[in-house]
Amino acid sequence: MRYVTWVTNHPVKVLIGSVILAALLIAGMSQLTFRSDNRVFFADDNPELQQLARFEQLYGRDDNLIYVVKAKEGDLFTPERLNAINEITDTAWTLPDVKRVDSVTNFQRVRAVGDDIEIDHLARSGDPLTTSQARQLKADAAQQPLLTDRLLSRDGSLGLVVVQFSFQAETASPQSEAAMAAGQDILDQFVHRYPDLELGLSGSVALDHAFVEASTYDSSVLLPIMLVILLLIIVVALRSIVGAIATFLVILLSTLCALGLAAMLGIPLSSPSVIAPNIILTLATCDCIHICAGMMRHRRGGHSRQDAVKMALVECWWPVTLTTLTTAIGFLTLAFSAVPPFAHLGIIVAIGSCMAWFLSVSFFPALLCVLPWRGKAGSLPAERFSGAVARIVLAYPRLLLGGISAVALVLCSLAFTNVLDDRYVRYFDQSFSFREATDRMNEDLGGFYILEFSLDSQEAGGIATPQYLQEVDAFAGWLRQQPGVTHVHGLPDIMKTVNRAMQGGDASAYALPDNRNLAAQYLALYEMSLPFGTDLRNQLTADKRYSRLSVSLNDISTRDMTDLQARAQAWTADNTRVIAASAKATGTSLLFAHIGNRNIQEMLQGIALGVLVVWIIFLVAFRSLALSLVGTFANFIPCLATLGIWALINGEVGMAVATVASVTFGVVVDATIHMLSSFVRMRREEGASTAAAVSATFESVGPGLVTMTLSLAAGFLCLAFSGFQINAWMGTMAALTIFVALLFDLFFMPAILLLLKPLEKCERTLAVETQ
């Protein structure tokens, strides 16, 4: 090839040109942005997101930070602990962009006082409180349905301070980080002042910060570890420090170029896509390994440094180009994802894969023409392993084919037993303080997962009509009976509380007013009596047409959550007249509950298209229907078999599962292409028999294949140590798939090639036609 000759004859020019191009692309990193808010997981056209946006136009965004306060012993109803909650409540008002603070102590208790009613804090800040008064407050709190199971656990041991913020959609990420930093400072102060309390932070702001924490760890800790491991594998497997240094430079440049170009295209980073550099460096390593292994082999054969580089580049050009193409296609199928960060991940990695190819066939060989290196004497460990495998395959092809097929069939059948679940709290392991505090809240109180309803009365001021109130109350009563529901609160609870107080506190008067005018008067009285920061603007619309019904859930599965949503809509359709059309649940929890199913459905289309394109590439490249089918089959089955293994290990999959299928399908094709390219070359160019071609293939590409697989598996396995479970699951499943695919490439595919007699006849015909 003239290009190869030119590269090896003008290495300095190639190095300078490559570096200049890389520098231009890397300059784009100045425009790189990072999104930490959880809305990044949803596309603008997501129907659930659009419904939530309409809900928020009526009631405002629910950006909150929740202080979870739990007594280590006993309950919260002592003067000292109630004072601590009051201090946290008061201090929370100093947080940036705060608009509302609700807590156990500032809960607006409605009481009958003679012929009047009193609406005031349960325990006002600064008021002296005795032990007996504190115990009485516990008894009083138990009579408040709007407090118990919402802000206070039933046993009184855990309480919440819920801070609501006023964030703008376009600046939500920096506002959220500022609020979290200030909120954490407050928490740190009170942790030291009140050692008898367990304090933690939950809420959407803490969730967004957990995404930032996870991203920081993956990029600052796991990325360097992956890099060191990959370079060590190269040094040990190929015994070439120079090769490792050259590979490192290719990794560095290709990764930075991909990030720079992605920034120019306006693609932001987020927690799922921040691992793109980790994947790119793994892919870039694989391209370099194959070329480097060929160079080392030819160098040991007595060739000069420049000739060894030239021969290896000619030998690897076509398979490396094909693997880049199939890898890029595999990752680009992520563009079908319903989750934008996964689509971003696919685009960034596809760019990085192409840059790694360009640098591997230009910068890398040019650098090795300049740097001093020589082939080590003696065979490499990967060569000895590859030779041993070749002998086993040639001796027992039928046994291997039957055994692997049987195991694959069982694993593939298990793949369909996985259960879809996407509880976003579980995206983070127990090392995150957010996860610890949220688990504590969900166990004792529930309420992190919330379904929201905006119920329409059909007319301005209609929320005071008896028909509307009765239907909302009946709906709330039905919801309270459903599994997983821990609390339901809405307008009927307020009206019942005020009515009871107006009737002298008689428990039997805890009922709805029986006429519209009385209900409207009660509501007006209640609103006028509320102090600053506790009004009903987040519960009612200004025209009094809509009211909000909030349903708190415990740690239920997303499948149960969507089932509850469907049953609630069906119940209102059958049992209500006024609110039926508007009884459609929304909320962040439902967004995550639906996105897993939608992502899998849309990704299946992308994967199917990717498989078709890869099969066409095989067909065109190898000009053999049999070989294209063998190659495609040998890559699709390991992906499915890995899901079967996952069913045995975990059994739950979320929106990351389809992403893993796209990631791994594009990656594992690489090994197949190298195997088939060598096999076809030996059959057509050298005229070797099938057995001889298989043996020669193991000798020529086996070492690089084994080393590449070790690198890929090790690289992805590092992600398994991510605290962000989406990335951890992706890394674990990808490493499993790559290992299973290696077994198929080393044992299953050669066994098929050895046993397919019609294939040999077909290949002879193609060889004649080619000549």
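Quick caveat, the model's predicted, so the values are computed rather than measured.

Engineer: Can you help me understand the overall build of the chain in this one?
Structural biologist: Helices and strands together make up the secondary structure of the chain, namely 25 helices and 11 strands. Across its three principal directions, the C-alpha atoms of the chain cover 105 × 50 × 45 Å. A burial count over the chain gives 60% of its 771 residues as buried. The averaged location of the 67 negative side-chain charges in the chain is 11 Å from the averaged location of its 54 positive side-chain charges.

Engineer: What's the story with helix α20 (residues 588-622) in this structure? I'm lost.
Structural biologist: In this model α20 runs 49 Å from its N-terminal to its C-terminal C-alpha over 35 residues, within 8% of the 51 Å that 1.5 Å per residue would give. Within α20, the axis deviates most sharply at Ile595, by approximately 30°. Once α20 finishes, Arg623 follows within two positions and takes phi at roughly 50°, a positive value.

Engineer: Explain the sheet that holds strand β1 (residues 63-71) here, please?
Structural biologist: What holds strands together in a sheet is hydrogen bonding between their backbones, with the strands either parallel or antiparallel. Strand order in the open sheet formed by four strands is β2-β5-β1-β6, and the pairing between neighbours is antiparallel. Both edges of this open sheet fall to β2 (98-103) and β6 (197-202), since each of them pairs with a single strand only. Looking at each pair of strands side by side, their axes are set apart by 15° on average, direction ignored. Pairing geometry for β1 and strand β5 (residues 158-165), over eight bridges, is antiparallel. In the strand pairing of β5, Asp63 is matched with Phe165. Each of β1, β5 and β6 is contacted by helix α6 (residues 172-193), which is oriented at about 175° to β6, the strand it contacts most. Contacts between helix α15 (residues 433-444) and the sheet are confined to β1, β5 and β6, with β6 contributing the most and set at about 110° to the helix.

Engineer: Just checking my understanding: could you explain the packing of helix α9 (residues 276-300) against helix α12 (residues 363-370) for this structure?
Structural biologist: The axes of two packed helices give the description: the angle between them and the distance between them. One way to put it is that α9 packs onto α12 with a least axis distance of 11 Å and a crossing angle of 35°. The way α9 lies across α12 gives a crossing that is right-handed. Contacts between α9 and α12 involve Cys288, Ile291, Cys292 and Met295 from the first element and Phe364, Pro365 and Leu368 from the second.

Engineer: Is there a simple way to think about the pairing of β5 in this case?
Structural biologist: Across a regular strand the side chains alternate sides, sitting on one face of the sheet and then on the other. Among the eight residues in β5, eight count as buried, and that is most of the element. What you see with β5 is no split at all: Leu158, Leu160, Val162 and Gln164 on one side and Gly159, Val161, Val163 and Phe165 on the other are buried throughout. Sheet analysis places β2 next to β5, joined by five bridges and oriented antiparallel. When the sheet's bridge partners are listed, Val98 is paired in β5 with Phe165.

Engineer: Would you explain helix α18 (residues 516-529) in this entry?
Structural biologist: Count 3.6 residues to each turn of an α-helix, and residues three or four apart come out pointing the same way. The terminal C-alpha atoms of α18, which comprises 14 residues, lie 20 Å apart, in line with the 20 Å expected from a rise of 1.5 Å per residue. Burial in α18 covers these residues: Ala519, Tyr522, Leu523 and Tyr526. Taken down its axis, α18 places every buried residue within 95° of arc, on the same side. Looking at α18, the residues exposed on the side facing more than 90 degrees away from the buried face are Asn517, Gln521 and Met528. Tucked into the core, α18 has its buried residues touching β3 (108-113), β4 (116-121), α16 (466-480) and α17 (491-502).

Engineer: What am I meant to see in a nonpolar patch on the surface here?
Structural biologist: A cluster of nonpolar side chains, Val12, Ile16, Ile20, Leu24 and Val370, forms an exposed patch at the surface whose accessible area comes to about 470 Å². For the nonpolar patch, the element with the highest residue contribution is helix α2 (residues 11-26), accounting for four residues. Within the secondary structure, Val12 is located in helix α2.

Engineer: What am I meant to see in the pattern of salt bridges here?
Structural biologist: It is possible for side chains of opposite charge to pair when their charged atoms get near one another. Taken as a whole and assessed by the stated rule, the structure comprises 25 salt bridges. Among the ionic pairs, Asp120 bridges to Arg124, the shortest N-O distance being 2.3 Å. With a closest N to O distance of 3.5 Å, Glu436 and Arg440 form a salt bridge. Within this pair, Glu436 and its partner Arg440 are both found in helix α15, separated by four residues, close to a single helical turn.

Engineer: Is there a simple way to explain the environment of Leu160 in this structure?
Structural biologist: Tracing the sequence through the fold places Leu160 in strand β5. The sequence separation of Leu160 and Ile186 amounts to 26 residues, and the corresponding C-alpha distance is 15 Å.

Engineer: What exactly am I supposed to notice about the packing of aromatic side chains here?
Structural biologist: Any two aromatic rings considered together are summarised by their centre-to-centre distance and by the angle between their planes. Under the counting rule described, the total for this entry stands at 25 aromatic pairs. Consider the rings of Phe41 and Phe211, whose centres lie 5.3 Å apart with planes at 45°: the pair is tilted. Linking Phe41 in the loop between α2 and α3 (47-59) with Phe211 in helix α7 (residues 204-238), this pair joins segments that are 170 residues apart in sequence. By relative accessible area, which is 1% here, Phe41 ends up buried. Measuring from ring centre to ring centre gives 5.1 Å for Phe211 and Phe428, while their planes differ by 65°; the resulting arrangement is edge-to-face. Of this pair, Phe211 sits in helix α7 while Phe428 sits in the loop between β7 (419-420) and α15, and the two are 217 residues apart along the sequence. With respect to class, Phe211 is no different from Phe428; both count as buried.

Engineer: Is there a simple way to explain the packing of α9 against helix α10 (residues 305-332) in this structure?
Structural biologist: At their nearest, the axes of α9 and α10 sit 8 Å apart, and the two run at 155° to each other. Accordingly, the angle class assigned to the pair α9 and α10 is roughly antiparallel. As α9 runs across α10, the sense of the crossing is right-handed. Looking at the contact of α9 with α10 residue by residue, the class counts come to 12 nonpolar, six polar and five charged.

Engineer: Please explain unusual backbone geometry as it appears in this structure.
Structural biologist: For residues that are not glycine, phi is negative in most cases, and the peptide bond is trans in most cases. Although it is not a glycine, Gln458 sits at a positive phi angle of roughly 80°. Among the secondary structure elements, Gln458 is positioned in the loop between β8 (449-456) and α16. Residue classification places Gln458 among the partly exposed positions, given a relative accessible area of 45%. Although it is not a glycine, Lys544 sits at a positive phi angle of roughly 60°. The topology assignment puts Lys544 in the loop between α18 and β10 (546-553).

Engineer: Mind showing me how you'd approach the pairing of β10 here?
Structural biologist: Most of β10 sits out of view: seven of its eight residues are buried. Where strand β9 (residues 485-489) lies against β10, four bridges are found, and the strand directions are antiparallel. Opposite Val488, over in β10, you have Val551 as the bridge partner.

Engineer: Help me out: how do you make sense of the side chain of Arg39 in this one?
Structural biologist: Turning to its location among the elements, Arg39 is positioned in the loop between α2 and α3. According to the relative accessible area criterion, Arg39 is buried, its value standing at 16%. At a separation of 2.5 Å, a polar atom in the side chain of Arg39 contacts the side chain of Glu56. Not counting chain neighbours up to four residues away, the residues in contact with Arg39 comprise Leu49, Leu52, Glu56, Arg61 and Thr588.

Engineer: Mind showing me how you'd approach the sheet that holds β9 here?
Structural biologist: Read from one edge to the other, the open sheet built from three strands follows the order β8-β10-β9, with strand pairing classed as antiparallel. Each edge of the open sheet carries a strand with a single partner, namely β8 and β9. Direction aside, neighbouring strands of the sheet carry axes that sit 20° apart on average. Running over the sheet, helix α19 (residues 558-575) touches β8, β9 and β10 and is turned about 15° from β8.

Engineer: Just to check I follow, could you spell out the confidence of the model for the chain for this structure?
Structural biologist: Note that predicted coordinates carrying low pLDDT should not be read in detail. Mean pLDDT over the chain stands at 86; residues scoring 70 or higher make up 96%. Mean pLDDT across the elements of the chain bottoms out in helix α25 (residues 757-770) (47) and peaks in α16 (96). Considering only residues more than four positions removed or in separate chains, one finds that residues 765-771, a stretch of pLDDT under 50, has four contacts.

Engineer: In this structure, what is going on with the environment of Ala593? I would like to understand it.
Structural biologist: Take Ala593: it is sitting in helix α20. What makes Ala593 buried here is its relative accessible area of 5%. Between the alpha carbons of Ala593 and Asp560 there is a distance of 9.2 Å; along the sequence they are 33 residues apart. When sequence neighbours within four positions are dropped, the list of residues in contact with Ala593 reads Thr558, Met561 and Thr562.

Rules of the game
- Residues numbered from 1 in each chain as written.
- Predicted model: local features only at pLDDT ≥ 70, side-chain atom pairs only at ≥ 80, totals over all residues.
- Heavy atoms only, no water.
- Helix = DSSP H or I, 4+ residues; strand = E, 2+ residues; numbered from the N terminus.
- Buried < 20%, exposed > 50% of the residue type's maximum accessible area, 1.4 Å probe, protein only.
- Lys, Arg positive; Asp, Glu negative; His and termini not counted.
- Charge placed at Lys NZ, Arg CZ, Asp CG, Glu CD.
- Expected span 1.5 Å × (residues − 1).
- Bend = angle between axes of the 7 residues up to and from the residue.
- Pairing = 2+ DSSP bridges.
- Axes fitted to C-alpha atoms, helices over the stretch in contact; angles between N-to-C directions.
- Contact = heavy atoms within 4.5 Å.
- Left-handed = near helix turned anticlockwise from the far one by under 90°.
- Arc of directions from axis to C-beta.
- Patch = residues over 30% accessible without salt bridge, like charges linked within 9 Å, V, L, I, M, F, W, Y side chains within 5 Å.
- Areas by Shrake-Rupley, 256 points an atom, 1.4 Å probe, with all protein chains shown as cover.
- Salt bridge = Lys/Arg side-chain N within 4 Å of Asp/Glu carboxyl O.
- Phe/Tyr/Trp six-rings, centres within 6.5 Å; stacked < 30°, edge-to-face > 60°.
- Parallel < 35°, antiparallel > 145°, perpendicular 65-115°, else oblique.
- Nonpolar A, V, L, I, M, F, W, Y, C, P; charged D, E, K, R; others polar.
- Polar contact = N/O pair within 3.5 Å; in protein donor to acceptor, adjacent residues only side chain to side chain.
- pLDDT = per-residue confidence, 0-100.

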